[in-house]
Amino acid sequence: MQNLKKMGWSAALLTALLSAGSTHAMSDDEFRNEFLAGSMAWSEVESRAQEEGTVNFYYWGGSDIINLWIDQVAKPALAERGVTLNPVRISATKDTVDVIIAEIASGKGSGEGSVDMVWVNGENFFTLKQQGALWGSFAHKLPNSANFEWDETDPRSLLNLRDFGTPTEAMEMPWSGEQYVCAVNRAHVTQSETPATFADLKAYLEQNPGKFTYVKPPHYLGNTFVQSVLYAHNPEGSGADPFQNSLEDLGVERLATLITPGFEYLKELDPLLLGGPQGNPRYPESSSELDNLFLNSEVHFNCKFGLYGVHTGLITGTYPERAEEMIFPKGNMIKNKNYLAVPLNSPNPAAALVAINYFSSVEAQASMMAQAGMPAGVDMWTLSAADQARITEAAPPHYGVTQAELDANIAPDTNASLVDVIEGTWLEVIERGSNKPIKQVVADVVAGLN
């Protein structure tokens, strides 16, 4: 009887070992195909992830509090799951996208790249998708995909299904939500003086020249400011709507017609900006440079992505003590999500999937809100009452406005195929001061992109 028991345990152990080793014996292509086909248990993915051991996470490392959250919360949480998180902090995601594309072009195929997962926005996702450099439609197959709305018939799913107008096709997982929010220094600007529209802003600067600027395009923060100007000055009166179309669908001539009034406004604003009265308008190169100008009262406003930017700025000392949020531009405060993607040639794809699944958990979302000031990317209505409460309680406070007011003034991001055209037009018209008709500038920019 004792020998039979030993034989039974040996057989069971052998079966378990064979089962655990089955995914590890697969090639990277076989693993990818099996997972994307939906024929693999999550426990098998976890087992393979532990075998791979490491996930190389490339992300913008310009925020100390996000870096701390990655190091102090995300790394230990993934270590408990048998995966070592290797954070690779970068200054520009485009550089990582270029590396991925170059590696694939040089013949580094499945499992032979250097990037496992990358924090992307719409432009970078558009580029990776165009180049066929993404791992596949994985997002809705992760256990924590239940925390997001994927139903195409539900309009609330739009931010998960389209990224800068590009269909995501589950090739990236939403991580955090964001909104373009402007802050005002109440030490200098009263409530009644606070601009709500671009006409108000111009009027304020005519009385207070030099006290506003925006981040220089092609930085995405500068692009976003320009896009919101274009929405507000859309001559068709339809705001952001036509800018959701691709360049191919919209056409060069119609795009030029749509953006001409907005660029005329930007030209009028140019001499009123920081340095403008001295004949040298100054555009900061980064959000941190703009923060410094705001902190030192060189400008009275600070416009950038950051739903909880004022709270973060106050606790880190990078914002003036009397900073508040403001509703500007009314009806055109661009809202989006940012995402986590896996490159086609990820060397540790199972570990990347486990990491992304963790980042998509209520546990991770709540802690990153509370500790890093990053808005939740999960969709509240998909969560249990207890999880909804956990997210709500973790949310940092607002200053001067309410969440309801912010929600009432959202606008979608611009289609990714238009972004290069708009930034190219800005560089020609605003930076270089071209006097060519906007239609000619747009045509030249489009021709240069092809």
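The structure presented is a predicted model; accordingly, all values stated were derived computationally and were not measured. (Residues numbered from 1 in each chain as written. Predicted model: local features only at pLDDT ≥ 70, side-chain atom pairs only at ≥ 80, totals over all residues. Heavy atoms only, no water.)

(A) Focus on the side chain of arginine 186. Summarising the element assignment, arginine 186 is placed in the loop between β6 (172-185) and α8 (198-207). Judged by its relative accessible area of 12%, arginine 186 falls in the buried class. A distance of 3.0 Å separates a polar atom in the side chain of arginine 186 from a polar atom in the side chain of glutamate 324. Residues within four places of arginine 186 in sequence aside, it is in contact with Gln191, Thr194, Arg322 and Glu324. (Helix = DSSP H or I, 4+ residues; strand = E, 2+ residues; numbered from the N terminus. Buried < 20%, exposed > 50% of the residue type's maximum accessible area, 1.4 Å probe, protein only. Polar contact = N/O pair within 3.5 Å; in protein donor to acceptor, adjacent residues only side chain to side chain. Contact = heavy atoms within 4.5 Å.)

(B) Geometry of empty space enclosed by the protein. Using the criterion set out here, one finds one cavity of 30 Å³ or more in the structure. Each pocket or cavity is described by its volume, and for the largest cavity that value is around 60 Å³. Lining the largest cavity, in full, are Val181, Cys182, Ala183, Asn302, Lys304, Phe305, Gly306, Gly309, Val310, Tyr319 and Glu325. Looking at the lining of the largest cavity, the elements that each hand over two or more residues are β6, β7 (301-305) and α13 (309-316). Along the lines of polarity and charge, the residues of the lining of the largest cavity split into six nonpolar, three polar and two charged. (1 Å grid on protein atoms, 1.4 Å probe; cavity = no way out; pocket = protein on both sides within 12 Å on 5 of 7 lines; lining within 4 Å. Points joined across faces, edges and corners; volume = space filled by probe spheres on them. Nonpolar A, V, L, I, M, F, W, Y, C, P; charged D, E, K, R; others polar.)

(C) Up close: the state of the cysteines. Scanning the entire structure with this criterion turns up one disulfide. Shown here is the disulfide that connects cysteine 182 with cysteine 303, its sulfur atoms set 2.0 Å apart. Judged by the sign of its S-S torsion, about 115°, the bond between cysteine 182 and cysteine 303 is right-handed. Taken together, the residues span a long stretch of sequence, with cysteine 182 in strand β6 and cysteine 303 in strand β7 at a distance of 121 residues. Of the two residues, cysteine 182 and cysteine 303, neither departs from the other in class, the shared state being buried. (Disulfide = S-S within 2.5 Å.)

(D) Layout of the environment of asparagine 409. Residue position: asparagine 409 is located in the loop between α17 (403-407) and β10 (410-411). Once residues within four sequence positions are removed from consideration, asparagine 409 is found in contact with Ile327, Lys330, Gly331, Asn332 and Met333. A distance of 2.8 Å separates the side chain of asparagine 409 from the backbone oxygen of glutamate 405, its partner in a polar contact.

(E) Looking closely at helix α9 (residues 220-232). Over its 13 residues, α9 extends 18 Å from the first C-alpha to the last, a length consistent with the 18 Å expected when each residue adds 1.5 Å. Within α9, eleven of the 13 residues are buried, which leaves it mostly tucked inside the rest of the structure. (Expected span 1.5 Å × (residues − 1).)

(F) The nonpolar core, seen in detail. Within the largest apolar cluster, 60 residues are counted, with the highest numbers of intra-cluster contacts made by Phe212, Tyr214, Phe225, Leu255, Phe263, Leu266 and Trp426. Ranked by the residues each element gives to this core, the list is headed by helix α11 (residues 252-269), at eight residues. The residues contacting phenylalanine 263, other than those within four sequence positions of it, are Val226, Leu230, Ile422, Thr425, Trp426, Val429, Ile430 and Ile438. Judged by nonpolar contacts, the second largest core, of 58 residues, contains Ala49, Val73, Trp135 and Phe359. (Core = buried A, V, L, I, M, F, W, Y, C linked by side-chain atoms within 4.5 Å.)

(G) How the structure looks around the pattern of salt bridges. Under the counting rule described, the total for this entry stands at 18 salt bridges. For glutamate 289, the salt bridge is made with arginine 282, and the minimal N-O distance between the two is 3.7 Å. Note on glutamate 289: relative accessible area 24%, which makes it partly exposed. Judged by its relative accessible area of 36%, arginine 282 is partly exposed. (Salt bridge = Lys/Arg side-chain N within 4 Å of Asp/Glu carboxyl O.)

(H) Fine view of the layout of surface pockets. Put simply, the second largest pocket is a space of about 900 Å³. In terms of lining, the second largest pocket is formed by 35 residues, of which the most central are Leu159, Lys335, Lys337, Ala376 and Asp407. Elements that contribute at least two residues to the lining of the second largest pocket include exactly α7 (158-161), β4 (162-163), β6, β9 (333-341), α16 (385-394), α17 and β10. Looking at the lining of the second largest pocket residue by residue, the class counts come to 18 nonpolar, eight polar and nine charged. Mapping the lining of the second largest pocket onto the domain boundaries places at least three of its residues in each of domain 1 (27-177 + 337-394) and domain 2 (179-336 + 400-449). (Domains from an automatic or database assignment.)

(I) Quick peek at the packing of aromatic side chains. Considering all chains together, one arrives at 26 aromatic pairs under this definition. Among the aromatic residues, those joined into a ring-pair cluster are Phe198, Tyr204, Phe212, Tyr214, Phe225, Tyr265, Tyr283, Phe301, Phe328 and Trp426. Across from the ring centre of tryptophan 381, 4.2 Å away, lies the NZ or CZ of arginine 156, which sits over that ring. (Phe/Tyr/Trp six-rings, centres within 6.5 Å; stacked < 30°, edge-to-face > 60°. Lys NZ or Arg CZ within 6 Å of the ring centre and 35° of its normal.)

(J) Spotlight on the domain arrangement of the chain. What the domain assignment lists for the chain is domain 1 (27-177 + 337-394) and domain 2 (179-336 + 400-449). Counting residues at the interface gives 16 residues for domain 1, matched by 16 residues for domain 2. Here domain 1 and domain 2 share an interface that buries about 1300 Å² over both sides, 63% of which is from carbon and sulfur atoms. Summed over the three residues of domain 1 that lose the most area to domain 2, namely Ile65, Glu123 and Phe164, the buried surface amounts to 39% of that side. Scanning the region where domain 1 abuts domain 2 turns up zero salt bridges. Of all the secondary-structure elements, those providing two or more residues to the side of domain 1 that touches domain 2 are α6 (122-130), β9 and α15 (362-372). (Buried area = accessible area lost by both parts, 1.4 Å probe.)

(K) Representation of unusual backbone geometry within the structure. The omega torsion of the bond from proline 217 to proline 218 falls at 15°, within 30 degrees of zero and hence cis. Relative to the elements of secondary structure, proline 218 occurs in the loop between α8 and α9. Put simply, phenylalanine 328 and proline 329 share a cis peptide bond, and its omega is -15°. Its location among the elements puts proline 329 in the loop between β8 (323-326) and β9. Even without being a glycine, glutamate 169 presents a positive backbone phi close to 50°. Structurally, glutamate 169 is set in the loop between β5 (166-167) and β6.

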